[in-house]
Amino acid sequence: MSIEDVRRAARAALHANRRVAARYYDDPEDTGSSVLVRVRVLDRLVSVGDAPGRASGYAQTRESTPRIIFHAADEVTPSVGAVVFISAQEAYTVDHVDPWDDTTITAYVTRL
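Residues numbered from 1 in each chain as written. Predicted model: local features only at pLDDT ≥ 70, side-chain atom pairs only at ≥ 80, totals over all residues. Heavy atoms only, no water.

Undergrad: Quick rundown of the side chain of Glu 90? Include the residues and the values.
TA: Assignment of secondary structure puts Glu 90 in strand β5 (residues 90-97). As a buried residue without a salt bridge, Glu 90 has its nearest oppositely charged side chain in Arg 111, at a separation of 4.5 Å. Discounting residues that sit within four places of it in the chain, Glu 90 has contacts with Val 41, Phe 85 and Arg 111. (Helix = DSSP H or I, 4+ residues; strand = E, 2+ residues; numbered from the N terminus. Buried < 20%, exposed > 50% of the residue type's maximum accessible area, 1.4 Å probe, protein only. Lys, Arg positive; Asp, Glu negative; His and termini not counted. Salt bridge = Lys/Arg side-chain N within 4 Å of Asp/Glu carboxyl O. Contact = heavy atoms within 4.5 Å.)

Printed below as a string of structure tokens:
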């Protein structure tokens, strides 16, 4: 088994354990054309304005950078402007999509 095979298996296991059910709307205006997908939602806080090694005097703010990971098995290629609906309290619109990375694709999103 090669390193790539191990990596693929690990990513598939991670996705299987961390995924949530979601509805994917390629065209938000057409609410009847949704697709059921299983995605991973990642929301990382990133420090903005910090200067390394400085204790004070600089901006100390944090920004949220949510991402949604799609798996190739779902056979959905996200597009800019699409909506991913997870629950009544959680939905996202796709802002930017990275190219396929072997078995997954990452979409940078904005929470609605």
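Anyway, onward from the coordinates.
Undergrad: So what's going on with the nonpolar core? Which residues, and what values?
TA: Residues Tyr 24, Val 37, Ile 68, Phe 70 and Val 84 are the most contacted members of the largest nonpolar core, which totals 15 residues. If you list the elements that add at least two residues to this core, you get β1 (20-25), β2 (34-48), β3 (61-71), β4 (83-87), β5 and β6 (104-111). Broken down by element, the residue count for this core peaks at three residues, all from β6. Excluding its chain neighbours within four sequence positions, the residues that come into contact with Val 37 are Val 20, Ala 21, Ala 22, Tyr 24, Phe 70, Asp 74 and Val 76. (Core = buried A, V, L, I, M, F, W, Y, C linked by side-chain atoms within 4.5 Å.)

Undergrad: So, the pattern of salt bridges: which residues are in play, and what are the values?
TA: This structure, assessed with the given rule, holds two salt bridges. The partner of Glu 4 in a salt bridge is Arg 7, with the nearest N and O atoms 2.8 Å apart. Of this pair, Glu 4 and Arg 7 both sit in helix α1 (residues 3-18), three residues apart, which is roughly one turn of the helix. Measuring nitrogen to oxygen at the nearest pair gives 3.4 Å for the salt bridge that ties Asp 101 to Arg 7. Here Arg 7 lies in helix α1 and Asp 101 lies in the loop between β5 and β6, a separation of 94 residues in the sequence. The exposure class assigned to Asp 101 is partly exposed, which follows from its relative accessible area of 36%. Arg 7 gets classed as partly exposed once you look at its relative accessible area, which sits at 29%.

Undergrad: I'd like a rundown of the environment of Pro 28, residues and numbers included.
TA: For Pro 28, the location among the structural elements is in the loop between β1 and β2. Judged by relative accessible area, Pro 28 falls into the partly exposed class, the value being 37%. Taking C-alpha positions, Pro 28 is 7.9 Å from Gly 81, a pair spaced 53 residues apart along the chain.

Undergrad: An account of the pairing of β6 is needed here, citing residue identities and associated values.
TA: Direction of pairing for β5 relative to β6: antiparallel, over a ladder of five bridges. Its bridge partner being in β6, His 96 is matched across the sheet by Tyr 108. Linking two consecutive strands that pair antiparallel, namely β5 and β6, is a turn of six residues; a positive phi of about 70° is found at Asp 102 within it. (Pairing = 2+ DSSP bridges.)

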